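# Close look at the chain arrangement
What follows is the residue order along each chain.
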Amino acid sequence: MPGADSFLASAGAYDRHVGRYGAQLAEALIAFAGVRDGTQALDVGCGPGALTRALAQRLGAAAVRAADPSAPFVRACRERLPGVEVAQARAEDLPFAGDGFDATLAQLVVNFLDDAPAGVREMGRVTRSGGVVAACVWDYAGDMTLLRAFWDAAREVDSRAAAADEGVVMRWCREGELGRLWRYAGLRDVRSGALVVRASYTDFEDLWSPLPSGVAPSGAFCAALDDERRAALHDAYRRRLGVGHGPFELTARAWAVAGTAP
């Protein structure tokens, strides 16, 4: 599970990093999965609650449950969404009865699981027969601009980046891989697609500011550098992005999958 410990950082740091894309990505995943009004839904690996919030807004808080192994993220999700039951639990061992949900979703989670097939089977277990199990992961090796540019810049300044690059070390993050995983886990009628979202930044420092906190694998790599190499990474990253001191936007692509519980 590369980088999982880096999600023990604050929810606020996560919000300023990849969390900027969370609300828009959640709406796209819900639409891709075909979640309908009046259903019961579970958010697996909820983090600070971007997908949980979107589900609660659509279905009502009483119809949504959530789970995440990170204590700081569980606290943040509970505080932000007091009407939602949020459990501290791994995807591979969900504390919910079988057949309890019409839709079980996981946003930016599957690649961090210790045992992804077991986690997906567990998502299927808690979903009623005929219900939907869906997920998405970043296209780290391609069009997730924020992170692809980061790791390309990191490789410029430190040879150790090659072994930490999420585009290299993460599983299930290339086109078609989630679909194969879903079929292997026993889900039916599997379909795949791409979700493209955007985030806005006031300037490069707005983008850079959460990274030294150590949040996410990219932040953990940044925080571990000495001052000289961190400064070199800062400059190489900005050059890679081609941004100046004013506002800008970045796009990010995620691969998505949905299947039917047997």
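As a starting point, this report considers the structure included with it. (Residues numbered from 1 in each chain as written. Predicted model: local features only at pLDDT ≥ 70, side-chain atom pairs only at ≥ 80, totals over all residues. Heavy atoms only, no water.)

So, on to the overall build of the protein. Per the secondary structure count, the protein includes 11 helices and seven strands. Here the C-alpha coordinates of the protein stretch approximately 55 × 35 × 30 Å along the principal axes. For the protein, with 262 residues in total, the buried portion stands at 56%. Put simply, 76% of the contacts in the protein that link residues at least 6 apart link residues at least 24 apart. A total accessible area of about 10700 Å² is found for the protein, and carbon and sulfur atoms account for 47% of it. Taken together, the 29 basic and 33 acidic charged side chains of the protein have centroids lying 3 Å from each other. (Helix = DSSP H or I, 4+ residues; strand = E, 2+ residues; numbered from the N terminus. Buried < 20%, exposed > 50% of the residue type's maximum accessible area, 1.4 Å probe, protein only. Contact = heavy atoms within 4.5 Å. Areas by Shrake-Rupley, 256 points an atom, 1.4 Å probe, with all protein chains shown as cover. Lys, Arg positive; Asp, Glu negative; His and termini not counted. Charge placed at Lys NZ, Arg CZ, Asp CG, Glu CD.)

A few words on the packing of aromatic side chains. With the rule as written, the count across this model stands at 11 aromatic pairs. Ring geometry for Y21 and W138: centres 5.7 Å apart, planes at 80 degrees, overall edge-to-face. Of the two residues, Y21 is situated in the loop between helix 1 (11–16) and helix 2 (22–33) and W138 in strand 5 (residues 127–138); the sequence distance between them amounts to 117 residues. Take Y21: its relative accessible area is 0%, and that puts it in the buried class. According to the relative accessible area criterion, W138 is buried, its value standing at 2%. (Phe/Tyr/Trp six-rings, centres within 6.5 Å; stacked < 30°, edge-to-face > 60°.)

Another aspect to go through is the pattern of salt bridges. Enumeration according to the criterion identifies 19 salt bridges in this entry. Its salt-bridge partner being R80, residue D15 comes within 2.6 Å of it at the nearest N-O pair. With D15 in helix 1 and R80 in helix 4 (residues 71–80), the pair connects residues that are 65 residues apart, well separated along the chain. Judged by relative accessible area, which is 34%, R80 ranks as partly exposed. The residue R128 makes a salt bridge to D102 at a minimum N-O spacing of 2.6 Å. Of this pair, R128 sits in strand 5 while D102 sits in strand 4 (residues 101–107), and the two are 26 residues apart along the sequence. Each of R148, D152, R155 and D165 takes part in a single network of salt bridges with overlapping partners. (Salt bridge = Lys/Arg side-chain N within 4 Å of Asp/Glu carboxyl O.)

Our next topic: the environment of A87. On the secondary structure map, A87 appears in strand 3 (residues 85–88). Judged by relative accessible area, which is 13%, A87 ranks as buried. When the C-alpha positions of A87 and R240 are compared, they lie 40 Å apart, and in sequence the two are 153 residues distant. When sequence neighbours within four positions are dropped, the list of residues in contact with A87 reads A66, A67, D68, V74, R78, P95 and F96.

Glancing now at the layout of surface pockets. In this structure, the second largest pocket spans a volume of roughly 200 Å³. The wall of the second largest pocket is formed by 13 residues, among which G34, R36, D102, R128 and V132 lie closest to the centre. Going through the elements one at a time, strand 4, strand 5 and strand 7 (248–260) are the ones with two or more residues in the lining of the second largest pocket. Here the element with the most residues in the lining of the second largest pocket is strand 5; it accounts for four residues. Its residues assigned to classes, the lining of the second largest pocket comprises four nonpolar, six polar and three charged. (1 Å grid on protein atoms, 1.4 Å probe; cavity = no way out; pocket = protein on both sides within 12 Å on 5 of 7 lines; lining within 4 Å. Points joined across faces, edges and corners; volume = space filled by probe spheres on them. Nonpolar A, V, L, I, M, F, W, Y, C, P; charged D, E, K, R; others polar.)

We now examine the packing of helix 6 (residues 145–157) against helix 11 (residues 227–241). Packed helix pairs are characterised by how far apart their axes lie and by the angle those axes make with each other. Between helix 6 and helix 11, the shortest axis-to-axis distance is 8 Å and the interhelical angle comes to 130 degrees. As summarised for this structure, helix 6 and helix 11 are arranged oblique, according to the angle between their axes. For the pair helix 6 and helix 11, the sense of crossing is right-handed. Here helix 6 contributes T145, L146, A149, F150, D152, A153, A154, E156 and V157 to the contact with helix 11, which in turn contributes R229, A232, L233, A236, Y237, R239, R240 and L241. (Axes fitted to C-alpha atoms, helices over the stretch in contact; angles between N-to-C directions. Parallel < 35°, antiparallel > 145°, perpendicular 65-115°, else oblique. Left-handed = near helix turned anticlockwise from the far one by under 90°.)

Looking now at the sheet that holds strand 6 (residues 188–201). The strand order 3-2-1-4-5-7-6 describes an open sheet built from seven strands, whose pairing is mixed. For this open sheet the edge positions go to strand 3 and strand 6, each flanked by a neighbour on one side alone. Neighbour to neighbour, the strand axes of the sheet diverge by 20 degrees on average, direction disregarded. Here strand 2 (residues 64–68) pairs with strand 3 via four bridges, running parallel. By the bridge assignment, R65 is partnered in strand 3 with E85. Together, strand 1 (41–44), strand 4 and strand 5 form the strand contacts of helix 5 (residues 116–125), whose direction differs from that of strand 5 by roughly 145 degrees. (Pairing = 2+ DSSP bridges.)

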